[in-house]
Amino acid sequence: MSNILQELESEIASLKTSVTKSNVGVVREIGDGVAKIEGLSDVMLNEMIEFPGGLYGLALNLEETEVGVVLMGSGLNIKEGDEVRTTGRLLQVPVGRDMLGRTVDALGAPLDGKGEIKADAQYPVEKIAPGIIARQSVSVPVQTGIQAIDAMIPVGRGQRELIIGDRQTGKTTIAVDTIISQANQNRAAAEGKLKDHKPIYCIYVAIGQKLSNVARIIQTLENAGAMEYTTVVTEAASEPACKQYLAPYTGCAIGEWFMDQGEDVLIVFDDLSKHAVAYREMSLVLRRPSGREAYPGDVFYLHSRLLERSARLSEKEGGGSMTALPIVETQAGDVSAYIPTNVISITDGQIFLETDLFYQGIRPAISVGLSVSRVGSAAQTKAIKKVSGTTKLDLAQYRELQAFAQFGSDLDEKTKATLDRGARIVELFKQNQYSPIPLELQVSTLWAMQNGHFDDVAVEHVKDCQLKMEEFLSTRKDELMGKLRDEKAITDEIGAELKTAVEDFKNNYKSPTGE
Amino acid sequence: MKGSKDAQRIARQLLKATVENGEVNGSTVKAVLRKLATGKPRGYLGVISAYAHLVRLELEKSHAVIESASPLGGTLEASVVADLKGKYGKQITSEFKHNPELLGGMRVRVGSDVWDGSVRNRLERLREKIG
């Protein structure tokens, strides 16, 4: 009791003498979520402006006699003549370990009703990306758990890999699968089953999405036990454009805190097309000049400064990393539209999803020809590198020959073999959603494919054979799988054991038709 | 749009000519207005309104609004104005307002700067601090 009184008295004493100086302005015009303010002679760019009633705005346009402020909430109670004041603060958000498992908005305020978030620090939403000296090259893989990606388009820690495709082609699913895979690995590492594994924390940023979709994704993450390693930042379609514009930067700030602690982070921006649309809306109501497709001139910088903040820091800087998986939606497969080309040129590669493949039942519908990872095999473990070296080439040859094969039935042996192998690889890479495959099983099945163990299985039964082999290996050959997991390479000894195990399985395997 | 841009540009030039040593010269303003009203150059109404806007903003920079919870009285008012003149180093016009909502103390606004020493402001800051 006396302590409280003392504290109160000291607080009052500290306030006693001071006269505060502030910088104020007057609202002259308001509408479309933008207020034009007269005055505010000391305002900074991107400074938070306080309106009556506790509403905040962001000073984005500093003009000769006016300041254009975008409101971060409903401006229904703001009138012309209202006095506003500068806060002297650039926009900051709370960050810290408490953010894990939580759903927050673009200002870092919780939306999940799980109580207050204890922040370890406040980070600025806009920050200059780490420089060259602070970085090191990408060499540690992010195991996405999606076989086609891990084998052909490897993603490394600190890389920016774009996921691009039409609507309803499974872009979000790839991102969610990756998050689930990280959670599975983090858990395995915590239980001591995964050697030398540095956990990856995940941040999922939903921009302008339907709330029902976000709720479904959160539910999926919770069901998979991934939510405890994940922060969801969401600004739904119903929120003001300003908050949608800020959401990815907020996510980035949350991730940067982990990166600065020397930890690894994966951040998903779902999706940057809607982000660009929100920014376009804001720019147009601020009366900034519009350019191509009515986007403002700095729409490239909008995304480049965001994605440049993903990095792998040098050991001297703590060795943390932030991997970004931005998502961009295309219209009718057109990758040459404005935003897709921008983001493609910024990122270190893209995973292109095709509607046609999706409806052929090839899911994930990854187009092997158009997908690429510019970091390449530097971000693959030895084991995967060994078994997947020629897979991309095999598939590319398969696609090429497939077109020819439709016209003729007389094919030479080599062509036939390439076609057979290709069809089986396609089957192998089909994968159910929300079920990432661990590294050791990916390596085993790819090894079996490379060494012709699937050649005598009918194409339509490859999937069944693969699933049963995975079950066999993970239940009956646990020790071998453990070795593969720890070594992350196929040594002569592991190779020999793998051969015996696969042959053992194949001898007892019966396809669904009993062959 | 072009017209209004031109008007803005001309108004800015006129303002530059009217401001001497950071103060608006009343007689020059009158002369400018007379010239515009008699000569009626193209788009002069737009120029006048833009000019009026700029002059108003310029005048506000050296205009002090002093609010207090209770009337200050002649000597105190004079000393406040003298202090402000010393602080800004230029002529300051002043306007005194009685505002009981401040509860006590004074709130001075010059241009977009506000010095708030009112009891109300201190209470609000205390509330923010205690949260």
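Residues numbered from 1 in each chain as written. Chains lettered and ligands numbered in written order. Predicted model: local features only at pLDDT ≥ 70, side-chain atom pairs only at ≥ 80, totals over all residues. Heavy atoms only, no water.

(A) Representation of the domain arrangement of chain A within the structure. All names here are of chain A. We note that the domain assignment places domain 1 (21–89), domain 2 (94–380) and domain 3 (386–508) within chain A. Using only C-alpha atoms to locate each centre, domain 1 and domain 2 end up separated by 31 Å. Between domain 1 and domain 2, the residue contacts involve 12 residues of the former and 11 residues of the latter. Taken together, the two surfaces of domain 1 and domain 2 that pack against each other cover about 990 Å², and 70% of this comes from carbon and sulfur. It is L60, N61 and M72 in domain 1 that bury the most area against domain 2; as a group they hold 43% of the surface buried on that side. At the surface where domain 1 touches domain 2, the tally comes to zero salt bridges. Summed over the shared surface of domain 1 and domain 2, the result is three residue pairs in polar contact (both at pLDDT 80 or more). Among the elements of the structure, β2 (34–39), β4 (56–62) and β5 (66–71) are those that each provide at least two residues to the side of domain 1 that touches domain 2. (Domains from an automatic or database assignment. Contact = heavy atoms within 4.5 Å. Buried area = accessible area lost by both parts, 1.4 Å probe. Salt bridge = Lys/Arg side-chain N within 4 Å of Asp/Glu carboxyl O. Polar contact = N/O pair within 3.5 Å; in protein donor to acceptor, adjacent residues only side chain to side chain. Helix = DSSP H or I, 4+ residues; strand = E, 2+ residues; numbered from the N terminus.)

(B) Broad picture of the domain arrangement of chain B. All names here are of chain B. Along its sequence, chain B is organised into domain 1 (2–59) and domain 2 (62–130). Surface buried jointly by domain 1 and domain 2 totals about 280 Å² across both partners, of which 34% is contributed by carbon and sulfur atoms. Among the residues of domain 1 in contact with domain 2, G22, E23 and L59 are the three that bury the most area, contributing 89% of the side total. Run the count over domain 1 and domain 2 and you get zero salt bridges. Linking domain 1 to domain 2 there are three residue pairs in polar contact (both at pLDDT 80 or more). Each residue belonging to the side of domain 1 that touches domain 2 can be placed in one class, and the counts come to one nonpolar, one polar and two charged. (Nonpolar A, V, L, I, M, F, W, Y, C, P; charged D, E, K, R; others polar.)

(C) Structural view of the packing of aromatic side chains. All names here are of chain A. Evaluated as defined, the whole model comprises nine aromatic pairs over all chains. On the numbers, 5.5 Å between centres and 40 degrees between planes, the contact of F472 with F505 is tilted. A residue pair is termed long-range when its members are at least 10 positions apart, and F472 in helix α14 (residues 462–476) and F505 in helix α16 (residues 492–508) qualify at 33 residues. You'll find F472 and F505 in the same group, each marked buried. In this structure, R280 is placed above the aromatic ring of Y295, and the distance from its NZ or CZ to the ring centre is 4.4 Å. The residue whose ring lies beneath R363 is F358, and the NZ or CZ to ring-centre distance is 4.1 Å. (Phe/Tyr/Trp six-rings, centres within 6.5 Å; stacked < 30°, edge-to-face > 60°. Buried < 20%, exposed > 50% of the residue type's maximum accessible area, 1.4 Å probe, protein only. Lys NZ or Arg CZ within 6 Å of the ring centre and 35° of its normal.)

(D) Representation of the pairing of strand β4 (residues 93–98) of chain B in the model. Residues and elements named next belong to chain B. The pairing of strand β3 (residues 63–68) with β4 spans six bridges and is classified as parallel. Its bridge partner lying in β4, H63 is registered against T93. Taking the sense of rotation as the criterion, the β-α-β connection linking β3, helix α4 (residues 74–88) and β4 turns out right-handed. (Pairing = 2+ DSSP bridges. Right-handed = clockwise from strand over helix to strand, strands pointing away.)

(E) Quick peek at the environment of A:A383. Relative to the helices and strands, A:A383 resides in helix α10 (residues 382–388). Separated by 25 residues in the primary sequence, A:A383 and A:F358 have C-alpha atoms spaced 29 Å apart.

(F) How the structure looks around the pattern of salt bridges. Residues and elements named next belong to chain A. Taken as a whole, this structure holds 41 salt bridges over all chains when the rule is applied. Measuring nitrogen to oxygen at the nearest pair gives 2.6 Å for the salt bridge that ties R157 to D264. Of this pair, R157 sits in the loop between β11 (155–156) and β12 (162–165) while D264 sits in strand β15 (residues 264–270), placing them 107 residues apart in sequence. As far as the burial class goes, R157 and D264 line up, both buried. The salt bridge involving K483 is made with E497; its shortest N-O contact spans 2.6 Å. Within this pair, whereas K483 is found in helix α15 (residues 478–487), its partner E497 is found in helix α16, the two being separated by 14 residues in sequence. The partly exposed category is assigned to K483, whose relative accessible area is 27%.

(G) View of the interface of chain A and chain B. Taken together, the contacts link 25 residues of chain A with 20 residues of chain B. With both sides pooled, the region where chain A packs onto chain B buries about 1,900 Å², and carbon together with sulfur makes up 47% of that total. Linking chain A with chain B are five salt bridges, by the criterion used here. The partner of A:E38 in a salt bridge is B:R56, with the nearest N and O atoms 3.2 Å apart. There are 11 residue pairs in polar contact (both at pLDDT 80 or more) connecting chain A and chain B.

(H) Main features of the environment of B:V24. Residues and elements named next belong to chain B. You can see V24 is positioned in strand β2 (residues 23–24). Taking the relative accessible area as the measure of exposure, V24 reaches 22% and is therefore partly exposed. Taking the C-alpha atoms as reference points, V24 and K61, separated by 37 residues in sequence, lie 10 Å from one another. Beyond its immediate chain neighbours, meaning those up to four positions away, V24 contacts T18, V19, V29, V55, E58 and L59.

(I) How the structure looks around α15(A). Residues and elements named next belong to chain A. Taken together, the buried positions of α15 are L480, M481, G482, L484 and R485. Close packing links the buried residues of α15 with α13 (439–450), α14 and α16. Positioned one or two residues after α15, K488 has a phi angle of 55 degrees, which is positive.

(J) Representation of the packing of helix α3 (residues 171–190) of chain A against helix α4 (residues 211–223) of chain A in the model. Residue and element names in this part refer to chain A. Contact geometry for α3 and α4: axes closest at 10 Å, N-to-C directions at 30 degrees. Classified by the interaxial angle, the pair formed by α3 and α4 is roughly parallel. In the packing of α3 onto α4, the handedness of the crossing is right-handed. Only I217, T220 and L221 of α4 make contact with α3, whose side of the interface consists of T172, V176, I179 and I180. Split by residue class, the contact of α3 with α4 holds five nonpolar, two polar and no charged. (Axes fitted to C-alpha atoms, helices over the stretch in contact; angles between N-to-C directions. Parallel < 35°, antiparallel > 145°, perpendicular 65-115°, else oblique. Left-handed = near helix turned anticlockwise from the far one by under 90°.)

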